[in-house]
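# Notes for the structure review
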Amino acid sequence: MNVKHKVLYAELTPAEFRTRLAEAPIAYLPLGTLEYHGEHMPLGSDGIQPLEFFKEIAAEAGGIVLPPLFLGPDRVEIILGAEYYGKDNGNHKSLEKQQYEPQILTGSAYWISEELFILIMKGILKQLKRQGFKILVAHGHGPSTRTVINYTSQWEAEFGIKLFNLWSSENDDWNGFMSDHGAMLETSVVMKYRPELVHMENLSQKSDCWPVGIRGYDPRIHASAEKGDEIVKIQKQRIVDKLITALNKLNCPNLGRI
Ligand SMILES: [Zn+2]
């Protein structure tokens, strides 16, 4: 395989790593989880989506794709002595028809405190800086991505690495990358990249029964590989443009001051 299309960190030889790093000092970190995303979706959905997306971006804009994390922070609530994380609690701030009883959702094994997640991220940034990376694109599981966004300016100053994520300031209701949970958006992206892992037949076809653990537009009605294509296309253009601008600035630090 041509080194240009070999983008996974774990698969590169030192010589290939040096070549890719010299061409574009960009690292990509899929912020995954092992988490219930509805009966139709794989438990690794949060890692699979950014991993596949980043492989495409790295082949185009350059850079190296790190292995996905599978641990991340989330809301935690203790009810009668039991811990419930994120989507375990279906009574929280959701639309009335999407509510369900708190329960330990099958396969969800990802929760760590935000403090520990911050320490892990800082460890990763320190190691990436030491190897010469100048840009990190990190995206995935909502609470992990939000934590990275909250610390972006602090970590950029501390590590000298520019940070990007895939959320834009515009509202991405119908096209956001991983802006829902196992619903139209995430289901469509997994359908695009790994259709063999999505089993729509596992969801009840009764439209008045809302599937547990899903938040967003009904995937039974709105999800498709074509929708996934559309979401990816929009995000791809956005991030590639940003990365090319950032690389130009690295090569020419006075850019924009003339
Ligand atoms: Zn997700």
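Residues numbered from 1 in each chain as written. Predicted model: local features only at pLDDT ≥ 70, side-chain atom pairs only at ≥ 80, totals over all residues.

### Brief notes about the overall build of the chain
Along the chain, the regular secondary structure elements total seven helices and six strands. A compact globule built from 258 residues would reach a C-alpha radius of gyration of about 18 Å, and the chain, at 19 Å, matches this within 12%. Over its C-alpha atoms, taken along the principal directions, the chain stretches across nearly 60 × 40 × 40 Å. Relative to its full complement of 258 residues, the chain shows a buried share of 41%. A sequence separation of at least 24 residues applies to 75% of the contacts in the chain between residues at least 6 apart. (Helix = DSSP H or I, 4+ residues; strand = E, 2+ residues; numbered from the N terminus. Rg over C-alpha atoms; globule rule 2.2 N^0.38 Å. Buried ≥ 20, exposed ≤ 12 C-beta atoms within 10 Å, placed from the backbone. Contact = placed C-beta atoms within 7 Å.)

### Some points on the sheet that holds strand β5 (residues 135-140)
Taken in spatial order, the four strands of this open sheet run β2-β1-β5-β6, and their pairing is parallel. At either end of the open sheet lies a strand with only one pairing partner, and these are β2 (64-65) and β6 (162-164). This element, helix α2 (residues 45-61), spans β1 (26-31), β2 and β5 of the sheet and lies at about 165° to β1. (Pairing = 2+ DSSP bridges. Axes fitted to C-alpha atoms, helices over the stretch in contact; angles between N-to-C directions.)

### Some details on the packing of α2 against helix α7 (residues 225-251)
Closest axis-to-axis distance for the α2/α7 pair is 10 Å, and the angle between their directions is 45°. Classed by the angle they form, the pair α2 and α7 counts as oblique. Two packed elements cross with a definite hand, and for α2 against α7 that hand is right-handed. Counting all contacts with α2, which are made through F53, E56, I57, E60 and A61, the residues of α7 involved are V232, K236, I239, V240, L243 and I244. Its residues assigned to classes, the contact of α2 with α7 shows eight nonpolar, no polar and three charged. (Parallel < 35°, antiparallel > 145°, perpendicular 65-115°, else oblique. Left-handed = near helix turned anticlockwise from the far one by under 90°. Nonpolar A, V, L, I, M, F, W, Y, C, P; charged D, E, K, R; others polar.)

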